[in-house]
Amino acid sequence: MKAYIEERTVTIAKYIIEKKTTVRETAKRFGVSKSTVHKDITERLESVNPVLAEEVKYVLNKNKSERHIRGGMATKLKYESTSKNTG
């Protein structure tokens, strides 16, 4: 693996752990695709830094378990803003 990919992988992992961000938020922050972030942290990180990989898995699993809540909040906000515009 090229050095810059390893460096990006570790940087992304540390960012996710520190900020507790989602893959989507992280991809936007680093200017890469969600697929790149996902591949970095689920495949590449294990060989680069197994300890970090475990920490990131914990954050991702927590995000996954809370995903339905964030989706519900987004829908609620969407309909609250449209009802203000019509009423």
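Here is a short report on the structure shown in this document. Model, not experiment: these values are computed from the prediction.

### Re the side chain of Thr-21
Within the fold, Thr-21 resides in the loop between α1 (3–19) and α2 (23–30). Thr-21 sits in the buried class, given a relative accessible area of 7%. Within polar-contact distance, the side chain of Thr-21 engages the side chain of Thr-26 at 2.6 Å. When near neighbours in sequence (up to four residues on either side) are disregarded, Thr-21 contacts Tyr-15, Ile-16, Thr-26, Val-59 and Asn-63.

### Topic: the environment of Asn-63
Relative to the elements of secondary structure, Asn-63 occurs in helix α4 (residues 50–86). On a C-alpha basis, the gap between Asn-63 and Thr-22 in space is 6.6 Å, while along the polypeptide they are 41 residues apart. Separated by 3.0 Å, the side chain of Asn-63 and the backbone oxygen of Thr-21 make a polar contact.

### Examining the pattern of salt bridges
With the rule as written, the count across this model stands at six salt bridges. Across the salt bridge formed by Asp-40 and Arg-8, the nearest N and O atoms sit 2.7 Å from each other. Taken together, the residues span a long stretch of sequence, with Asp-40 in helix α3 (residues 34–48) and Arg-8 in helix α1 at a distance of 32 residues. Assessed through its relative accessible area of 0%, Asp-40 is described here as buried. Residue Arg-8 is classed as partly exposed on the basis of its relative accessible area of 22%. A salt bridge links Asp-40 to Arg-44, with the shortest nitrogen-to-oxygen separation between them at 2.4 Å. In this pair, Asp-40 and Arg-44 both sit in helix α3, four residues apart, roughly one turn of the helix.

### Digging into the nonpolar core
Within the largest apolar cluster, 15 residues are counted, with the highest numbers of intra-cluster contacts made by Ile-16, Val-37, Ile-41, Leu-45, Leu-52 and Val-56. Elements with a contribution of two residues or more to this core: α1, α2, α3 and α4. Apart from the residues within four sequence positions on either side, Ile-41 is in contact with Ile-12, Ile-16, Val-23, Val-56 and Leu-60.

### Describing α2
Where α2 is concerned, the buried positions are Val-23, Thr-26 and Ala-27. Take α2 and look down its axis: the buried residues cluster within an arc of 100°, on one side only. In α2, the exposed residues that point more than 90 degrees away from the buried face are Arg-24, Lys-28 and Arg-29. Positive phi appears at Gly-31, one or two residues downstream of α2, with a value of about 70°.

### Concerning α1
End to end, α1 covers 24 Å across 17 residues, agreeing with the expected 24 Å (1.5 Å per residue, within 8%). Buried within α1 are the following residues: Ile-5, Thr-9, Val-10, Ile-12, Ala-13, Tyr-15, Ile-16 and Ile-17. In the segment just after α1, Lys-20 is the residue with positive phi, at about 55°.

Procedures and definitions
- Residues numbered from 1 in each chain as written.
- Predicted model: local features only at pLDDT ≥ 70, side-chain atom pairs only at ≥ 80, totals over all residues.
- Heavy atoms only, no water.
- Helix = DSSP H or I, 4+ residues; strand = E, 2+ residues; numbered from the N terminus.
- Buried < 20%, exposed > 50% of the residue type's maximum accessible area, 1.4 Å probe, protein only.
- Polar contact = N/O pair within 3.5 Å; in protein donor to acceptor, adjacent residues only side chain to side chain.
- Contact = heavy atoms within 4.5 Å.
- Salt bridge = Lys/Arg side-chain N within 4 Å of Asp/Glu carboxyl O.
- Core = buried A, V, L, I, M, F, W, Y, C linked by side-chain atoms within 4.5 Å.
- Arc of directions from axis to C-beta.
- Expected span 1.5 Å × (residues − 1).

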